[in-house]
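Structure at a glance
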Amino acid sequence: MLSLLKTMWTVFLHLFRRKITVSYPEEKPYVPPRWRGRIILSCDPDGGERCVACYLCAVACPVDCIALQAAEDEHGRRYPEFFRINFSRCIFCGFCEEACPAYAIQLTTDFEMGEYKRQNLVYEKEDLLISGPGKYPGYNFYRTAGLSIEGKDKGEAENELPPVDVRGIMP
Amino acid sequence: MATIFIDNKPYEVKEGQDLLQACLSLGFNVPYFCWHPAMHSVGACRQCAVKQYKDEADTRGKIVMSCMTPAADGTRISIDDPEAKAFRKGVIEWLMLNHPHDCPVCDEGGECHLQDMTVMTGHSYRRYRFKKRTYRNQYLGPFVNHEMDRCIQCYRCVRFYRDYAGGRDLNVFASHDHVYFGRHEDGILQSEFSGNLVEVCPTGVFTDKTLKKHYTRKWDLQTAPSVCVHCSLGCNTIPGERYGKLRRVSDRYNSEVNGYFLCDRGRFGYEFVNSGRRIPQVLVRPERNVDAIPVSREEVLEHISGVLHFGARVIGIGSPRASLEANFALRSLVGPENYYSGMSEKEHALISSIIKILEKGPARSASLNDVMKSDAVFVLGEDVLNTAPMLGLALRQSVRQRPMEAERRLKIPDWHDAAVRAAMQSERGPLFIATPAGTGIDDIAAGTFRGAPDDIARLGFAVAHELNNELPEVTGLSSKVHGLAKRIADELRNAGRPLIVSGTGCLSEAVIHAAANIAWALCEKGRKAQLCFAMPECNSVGLGFIGGSSIGMALKAADEGRVDAAIVLENDLYRRVDAAQLDRFFDKVKNVIVIDHVFTKTSAKADVILPAGSFAETTGTVINNEGRAQRFYQVFIPGLDIQESRQWLRDMMAASHIPLAGQWKTLDDITAAMTEAIPSLKQVREIAPGATYRETGMRVPRQPHRYSGRTAMFSHFLVHEPKPPEDTDAPFSFSMEGYEGRHPSPLIPRFWSPGWNSVQAVNKFQREINGPLRGGDTGKRLIEPGDIERPAYFTVVPAAFNVHDNEILVVPLYHIFGSEELSVISPGVAELSSKPYLALNPRGLKGTGTKEGEEIKLILNGRTYNLPVKFMSDLPDGVAGLPFGLPGSQWVELPAWGRVNPENADIVQ
Amino acid sequence: MNDVTGHLIIIFGVLFAFMTIAGGLIWVERRLLAMWQDRYGPNRVGPFGLFQVIADMVKIFAKEDWIPPFADKPVFVLAPVIIVLSALMSFTVLPLAPGVGVVDLNIGLLFFLAMSSLGVYSITLAGWASGSKYSLLGGLRAAAQMLSYEVFMGLSLMGVVMMAGSFNLGDIVEAQKGMWFCIPQFLGLAVFIISGVAETHRLPFDLPEAESELVAGFHAEYSGIKFGMFFVGEYLGITLISALIATLFFGGWLGPVFPPIVWFFIKTAVFICGFILLRASLPRPRYDQLMALGWKVMLPLSLANLMVTAAVLLATGK
Ligand code: SF4
Ligand code: SF4
Ligand code: SF4
Ligand code: SF4
Ligand code: FES
């Protein structure tokens, strides 16, 4: 009985506590850098589109809200012909970012993307692509991959030997 | 049966297998690379290590390669032994030392056997810190992409390409850790089966180049079981679709038909489905010789109901490349008496006679599996690699049967591939080939014969006479040919499973009769002789069952003014009859309605053009050369006005108030009506469960459970996802919803099993390795041999071929890439297809100074053709070859006598 | 100003005042709960978020007024009406200030008890008419809970009646001039507050609703305006019980400086806040605990209170 009254008293005292509510939008809340907000597609340090259209983000997405189509450009690079995220379905779980082997898809600190029309939440590649490398400044997938592209021949990637001379007869 | 102990539990396995095969058959996950179910063991990769124990008391055991150890009675092994596990993990780690960081951009990713095995063995971290070896890649043609860095040196590719498929231009080069799998230089792979490298190679070295152009991962493909439409063999396929485009075709295992492989025409011919030649919408031509204009469905049906008014004399022309159901729907619409099979007169006659031979004679029609198991083969008049390519691959295996017997006597197990091949060397079983021109399997033949069709038939009759001297004797044979006939007869007589191969390739009935005579004579001698006929199209036999008469009769009816309107179903008549005759037909018949999926010369003339679905957009049944009825299922829903032919026909029936239309709600209804109307097709009902089949209340999902992009694929059109369309014709869903588990074999939409993402997953669907699928192989044989005391032998032996003075006999030649109507629309196949030419023996041109490639005049049936000459030195004297059906060529009735360069008449012998 | 118009003014005044309070309570409750949880609560619509009430009302009125096909339609519609009516009727006997009240009934207290018993029907019928199992369970709970607590509620007030010697609420207030009854009748007060909470089925005694177990219980099937009536009915109930506590135990309008009516409202407001504090701080007991508390604690307590009061009154000879 007494404990009930004590509880009530304790709760009553909260009337005079500082409120934890942040009065958004007048006051901006603190958003940690690893916040999972609006998704972007980044570019590698050389300015090339990072996404290699591997479909891993799409298959990792639990709500299947990523759709893309792979294509190859004149330099032999894979890139997404289109890349679409239906943000009206996205649950901002970040699985896509974790799945991405190229650090291309990243979740950012921006969460202010409310829309009156759901259709406006469908983002195409033009809406997603940014010019910088985002959270991972130095990485360039093609520097580590074996696939040769224009400007990076076989044997020129990190940790690679020059191509084998098939006609060599040395043991 | 042998009992083996795996981790101390006893299991019953079939005798004469290796341990790996036994373990996989039992459902164990043992990783492997170099072993392939069709090519067996060589022990090259060391991945399949298990621990073997001498006996129960042995606790130390030793590591052995399961693929190189017989599953003998009492064998004790452990798969889970920690040492064996560590060994397997180590092997993967070594294999991965040089493996590039490529998975995201590798087309194999997601269906990579190397990925699967890496996960299975638990190797997850690269410790090797040194540099990776790299290679330069090669250009291998329009079908196969090469990325050599990813190779793990399992040798499967060369074993398939050279040993299994008889290719010569792919090999292994260099030494030690530099070994290289490729060609001696860049260039197009020559084998007709190069596409199988894509599935045989466990890594991403060889990948599908046509897929690469519109790359989609396996998990994103909407698939359904299908049947190849590019030749008469009916190989089972799995076409995959994404975003409304067909992306690739892969193999669907069927132990009786194609097994693990497909030919390149079947694998890469699919692109016609996406081509610009597709008819996208309903078109109506207001007048002849003006452009057709698009109209709406309703308008066209209204128009058609006017055309098909009561009392109008309407004929229907079917097609051997359309399904049974579509042909039957047409037959029902116009009435059986007005239905024509759509085959040329000769084709029609040949097919009817083949069906009669198979039904009435004692020799059974051979499946491809039977072909592989035959130990003596005689090929009459058929260039199998070009008309029925997989038959050629099967014949390559058949010549190993006889030597294998010898190996068995030496106690070399069948599965020990390296040992078998080493012992066999170049020894081969008897295969005799009699064709007008050289074939791609002549290299494995024990004897070849080149002759005009009549001479081939005469050789056949001579062989038959040798086997049974009551049969008509062939007089006037040279002693050489006579000797050959004797030899062939002896080999066939001594064989356990002799096989006679023939077909419609020569367009000669005599050849077919000769083939039948030989097989029957053998049967009468108590041999289990089988017959295998190659036919022109995927449903030629089916059309034979449906009946009707040939196009010729239709043209005749039109000529006599007995036709007001004609409905042409999926058929380019200009590929089957003479153009002039057809033009007359179009003049006579005022209303020609064409239902087809690609624009053809015929549709270019038609008054109404209705867009039909291709094989990937329809469900139906086709009957292959063996007489096996197989169902193919719709893979995806086509856009625009396109709908299945039989739907169009049903709509037309409804528009013209034919009551049957109301009863035909689903495919099953049509099948039921068809089997009732044509009793010989009765079993078609049993080839697959009907549309109402459900597993635990669920359909079979066309999309794999990992299908991605469901909520984004079409969100740019409309963000609200529509309900997936329903399929009333088949028990499949157009979504991921459904039962993702074991289904009856005709309904397996893809091979996948947990941990097995690659094509190798098929081992989880087989009753035992290389055995039928669980639940039996798909398809039902509709033709079984009659129980006949004495077959009705053919007695008319054609006269010997005589070289004419001023004339030359023109026979058809075939091209795997080019001769088939649909596949050649695909860019890759088109690239490899030849231009029309005239093949002449240079012997006959001696002294004329004609060079190869020079244009030459050919006068045939009163028409002149200008064609470049191609030298073909094995053509018999007095015979020329004209390729059939190549793009840009015209149909000519063959074989026919023609004249070459008539103003310079003396050049022809 | 003649009698009739005076009366009408008072009637509508009272009606308006209490309806406003009940409506405003939506906002008050949400704000107070928020404050006690270190939040702000609705503070966006209008000054201090006051218009939130209006927004909520508009929303609730605009919602589809849906009757489930499996419901007993007339009863389903009648149920929410009963609760609002019975609560509003009770207000008629409340004296807001000397002479300010709708009727000056000399059995005022009995009338109130009668009305509050009617309220039970509303809940029980709602639960029954909804035709769903959760609603039915809620209705059953409500019936048992409210019928039981009515007993102690009535009994707990008898001490007050004895001391005041009247059922007339005005007289009862007058009788507290010397000392508020909360002191001699603190037992009665305690029982009344607890059974008041139970009668209005407010948290922590909201077992008929119990959204976590009965998915909103008796009004699970209600929506739109009919749900709004239950909502308002509940707030009317709170206001009524608070006003009664003030009237019966805390001297009603009595108080220095401010005019009587102000005192009445101040006191009522304090108890309303008390109700909300209860909701903010106490967890819901189990149903059997609630019943046990009623029959094993409340009943003896209120009987004891009655006896002692009677004895003391007899002894002091008043
Ligand atoms: S954050 Fe999650 S839900 Fe959103 S796109 Fe990425 S994987 Fe899909
Ligand atoms: S996972 Fe990364 S690289 Fe792959 S498709 Fe998605 S964004 Fe592109
Ligand atoms: S072959 Fe397999 S493991 Fe190697 S890069 Fe390709 S997908 Fe990855
Ligand atoms: S190319 Fe493929 S099949 Fe050939 S050895 Fe390498 S990994 Fe094996
Ligand atoms: S599979 Fe046994 S060694 Fe390769």
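One numbering rule holds for all chains: residues counted from 1, following each sequence as written. Ligands are numbered from 1 and chains lettered from A, in the order in which they are written. With pLDDT at 70 or above as the cut-off, local features in this predicted model cover only qualifying residues; side-chain atom pairs require 80 or more to be listed or tallied, and sums for whole chains, interfaces and linings still use all residues. Computation of side-chain values: all heavy atoms of the structure, hydrogens and water removed.

**A word on the sheet that holds strand S3 (residues 78–86) of chain A**
DSSP-based pairing: two strands are paired if at least 2 bridges between them are found. Per the convention used, a helix needs a DSSP run of H or I reaching at least four residues, while a strand needs a run of E reaching at least two, with both numbered from the N terminus. Read across the open sheet, the 3 strands follow the order S2-S3-S5 (chain A); overall the sheet is antiparallel. What marks the edges here is a single partner per strand, and that holds for strand S2 (66–72) and strand S5 (122–123) of chain A.

**Comments concerning the arrangement of the chains**
Any pair of residues with heavy atoms lying within 4.5 Å of one another is described as a contacting pair. Where 2 pairs of chains are in contact, the pair with the most contacts is made of chains A and B. Separated throughout, chain B and chain C approach each other most closely at a C-alpha pair spaced 23 Å apart.

**Structural notes on the pairing of strand S21 (residues 431–435) of chain B**
Residues and elements named next belong to chain B. A 1.4 Å probe rolled over the protein chains alone gives each residue an accessible area, and that area as a share of the maximum for its type sets the label: buried under 20%, exposed over 50%, partly exposed in between. Burial within S21 is extensive, with 5 of its 5 residues counted as buried. Side chains Leu431, Ile433 and Thr435 project from S21 onto one buried face, and the interleaved Phe432 and Ala434 project onto a second face that is buried too. The pairing of strand S20 (residues 376–380) with S21 spans 4 bridges and is classified as parallel. Residue pairing for S21: Val379 is matched across the bridge by Ile433. Pairing of S21 with strand S22 (residues 447–450) involves 4 bridges; the strand directions are parallel. Looking across to S22, one finds that Thr435 is bridged to Arg450.

**Some thoughts on the pattern of salt bridges**
We define a salt bridge as a contact between a side-chain nitrogen of Lys or Arg and a carboxyl oxygen of Asp or Glu at a distance within 4 Å. Applying the stated criterion across every chain, the model contains 69 salt bridges over all chains. Residues Asp442(B) and Arg450(B) are paired through a salt bridge, measuring 3.0 Å at the closest nitrogen-oxygen approach. In this pair, the class of Asp442(B) matches that of Arg450(B), namely buried. A salt bridge links Asp56(C) to Arg30(C); the nearest nitrogen and oxygen atoms lie 2.8 Å apart. With Asp56(C) in helix H2 (residues 52–62) and Arg30(C) in helix H1 (residues 3–36), this residue pair connects regions lying 26 residues apart in the sequence. Several salt bridges share partner residues, and in doing so they unite Arg364(B), Asp370(B), Glu626(B), Arg628(B), Arg781(B) and Glu784(B) into one network.

**Points about the interface of chain A and chain C**
Every contact between the two is made by 16 residues of chain A and, on the other side, 12 residues of chain C. At the junction of chain A and chain C, the tally comes to 2 salt bridges. Glu26(A) is paired through a salt bridge with Arg44(C); the nearest N and O atoms lie 3.0 Å apart. As used in this structure description, the phrase polar contact means that two N or O atoms lie within 3.5 Å; if the pair is within protein, one of them must be able to donate a hydrogen and the other to accept it, and residues adjacent in sequence are counted only when both atoms belong to side chains. Across the chain A-chain C interface, the total number found is 6 residue pairs in polar contact (both at pLDDT 80 or more). Gly is placed with the polar residues, together with every amino acid not listed as nonpolar (Ala, Val, Leu, Ile, Met, Phe, Trp, Tyr, Cys and Pro) or charged (Asp, Glu, Lys and Arg). In terms of residue class, the side of chain A that touches chain C is built from 8 nonpolar, 4 polar and 4 charged.

**What to know about the site of ligand 4**
Ligand 4 sits among 13 residues. The nearest are Cys151(B), Cys154(B), Tyr155(B), Cys157(B) and Cys201(B). Tallied by class, the residues present in the shell around ligand 4 amount to 10 nonpolar, 2 polar and 1 charged. We call a residue near a molecule or strand whenever a single non-hydrogen atom of that residue lies within 4 Å of it.

**Observations concerning the domain arrangement of chain B**
All names here are of chain B. Either an automatic procedure or a domain database provided the assignment from which the domain bounds are taken. Taken domain by domain, chain B holds domain 1 (2–95), domain 2 (348–535) and domain 3 (808–907). Put simply, the middle of domain 2 and the middle of domain 3, counted by C-alpha atoms, are 28 Å apart. Taken together, the 16 residues of domain 2 in the interface contact 14 residues of domain 3. With both chains or domains summed, domain 2 and domain 3 bury close to 1100 Å², and 69% of this area falls on carbon and sulfur atoms. Our enumeration of links across domain 2 and domain 3 arrives at 1 salt bridge. The salt bridge involving Asp874 is made with Arg450; its shortest N-O contact spans 3.9 Å. Where domain 2 meets domain 3, there are 4 residue pairs in polar contact (both at pLDDT 80 or more). With 3 residues, the top contributor of residues to the side of domain 2 that touches domain 3 is helix H12 (residues 384–387). Each residue belonging to the side of domain 2 that touches domain 3 can be placed in one class, and the counts come to 8 nonpolar, 6 polar and 2 charged. Buried area: the accessible area, evaluated with a 1.4 Å probe, that two parts lose upon being put together, summed over both parts.

**Side note on the interface of chain B and chain A**
With 52 residues of chain B at the interface, the matching set in chain A holds 46 residues. Of the roughly 3900 Å² buried between chain B and chain A, counting both surfaces, carbon and sulfur atoms make up 51%. A per-residue breakdown of the area chain B buries against chain A is headed by Val105(B), Thr134(B) and Val719(B), which together make up 15% of the total. The interface formed by chain B and chain A includes 7 salt bridges. Among the salt bridges present, the one from Asp153(A) reaches Arg136(B), with a minimum N-O distance of 3.1 Å. On inspection of chain B and its partner chain A, the count reaches 31 residue pairs in polar contact (both at pLDDT 80 or more). With 3 residues, strand S6 (residues 132–134) of chain B is the largest single contributor of residues to the side of chain B that touches chain A. Here the side of chain B that touches chain A is built from residues that sort into 19 nonpolar, 15 polar and 18 charged. The pairing of strand S6 (residues 160–163) of chain A with S6(B) spans 2 bridges and is classified as parallel. Opposite Glu160(A), over in S6(B), you have Lys132(B) as the bridge partner.

**Looking at the side chain of Gln760(B)**
All names here are of chain B. Structurally, the position occupied by Gln760 is in the loop between strand S31 (732–733) and strand S32 (780–781). Polar contacts involving the side chain of Gln760 include one to the side chain of Tyr32, which spans 3.1 Å. When residues no more than four places from it in sequence are discounted, the contact partners of Gln760 are Tyr32, His113, Arg156 and Glu199.

**Digging into the packing of aromatic side chains**
Remark: the centre distance and the inter-plane angle together describe each pair of aromatic rings, the angle taken between the planes. Only centres within 6.5 Å qualify two rings of Phe, Tyr or Trp (six-membered ring in Trp) as a pair; their planes then separate them into stacked at under 30 degrees, edge-to-face at over 60, and tilted for everything else. For the structure shown, the criterion picks out 46 aromatic pairs over all chains. Measuring from centroid to centroid gives 6.0 Å for Phe12(A) and Phe16(A), while their planes differ by 80°, and the two rings are edge-to-face. Classification of Phe12(A) by relative accessible area gives partly exposed; the value is 26%. Assessed through its relative accessible area of 60%, Phe16(A) is described here as exposed. Centroid distance Tyr253(B) to Tyr260(B): 4.7 Å. Interplanar angle 50°. Geometry classified as tilted. Of the two residues, Tyr253(B) and Tyr260(B), both sit in the buried class.

**Things to note about unusual backbone geometry**
Excluding glycine, residues mostly have negative phi values, and the peptide bonds linking residues are mostly trans. Put simply, Tyr24(A) and Pro25(A) share a cis peptide bond, and its omega is 10°. Located in the positive-phi region is Tyr103(A), a residue other than glycine, with phi close to 55°. By secondary structure assignment, the location of Tyr103(A) is in the loop between helix H3 (95–99) and strand S4 (105–107). Given a relative accessible area of 34%, Tyr103(A) falls into the partly exposed group. Backbone geometry at Asp7(B) places phi at a positive 45°, although glycine is not the residue there. Taking relative accessible area as the criterion, Asp7(B) reaches 29% and is therefore assigned partly exposed.

**Notes on the packing of H1(C) against helix H10 (residues 260–281) of chain C**
All names here are of chain C. Packing of H1 against H10 leaves a shortest axis separation of 10 Å and a crossing angle of 45°. Classed by the angle they form, the pair H1 and H10 counts as oblique. Between H1 and H10 lies a crossing of right-handed hand. Residues Ala17, Phe18, Ile21, Leu25, Val28, Glu29, Leu32, Leu33 and Trp36 of H1 pack against Phe264, Phe265, Ile272, Cys273, Ile276, Leu277, Arg279 and Ala280 of H10. Of the residues in the contact of H1 with H10, the class split is 15 nonpolar, no polar and 2 charged. Angular values range over 0 to 180 degrees, each being the angle between N-to-C directions of two axes fitted as lines to C-alpha atoms, with helices fitted over their stretch in contact. Note on angle classes: values under 35 degrees are labelled roughly parallel, values over 145 roughly antiparallel, values of 65 to 115 roughly perpendicular, and the remainder oblique. Working rule for handedness: look at the near helix, and if it is turned counterclockwise from the far one by less than a right angle, call the crossing left-handed; if clockwise, right-handed.

**As for the pairing of strand S24 (residues 530–534) of chain B**
A regular strand places its side chains so that they alternate between the two faces of the sheet. Residues and elements named next belong to chain B. Counting buried residues in S24 gives 5 out of 5 residues, a clear majority hidden from the surface. By the alternation rule, side chains of S24 split into Gln530, Cys532 and Ala534 and Leu531 and Phe533, which are all buried. Bridging between strand S19 (residues 364–365) and S24 involves 2 bridges; their strand directions are parallel. Looking across to S24, one finds that Arg364 is bridged to Gln530. As paired strands, strand S23 (residues 498–503) and S24 are joined by 5 bridges and run parallel to one another. Each residue of the ladder has a partner; that of Ile500, found in S24, is Leu531. A crossover links S23 with its parallel partner S24, the connecting element being helix H18 (residues 509–524), and its sense is right-handed. Place the viewer so that the strands point away; then a crossover is right-handed whenever the path from the first strand over the helix to the second strand goes clockwise.

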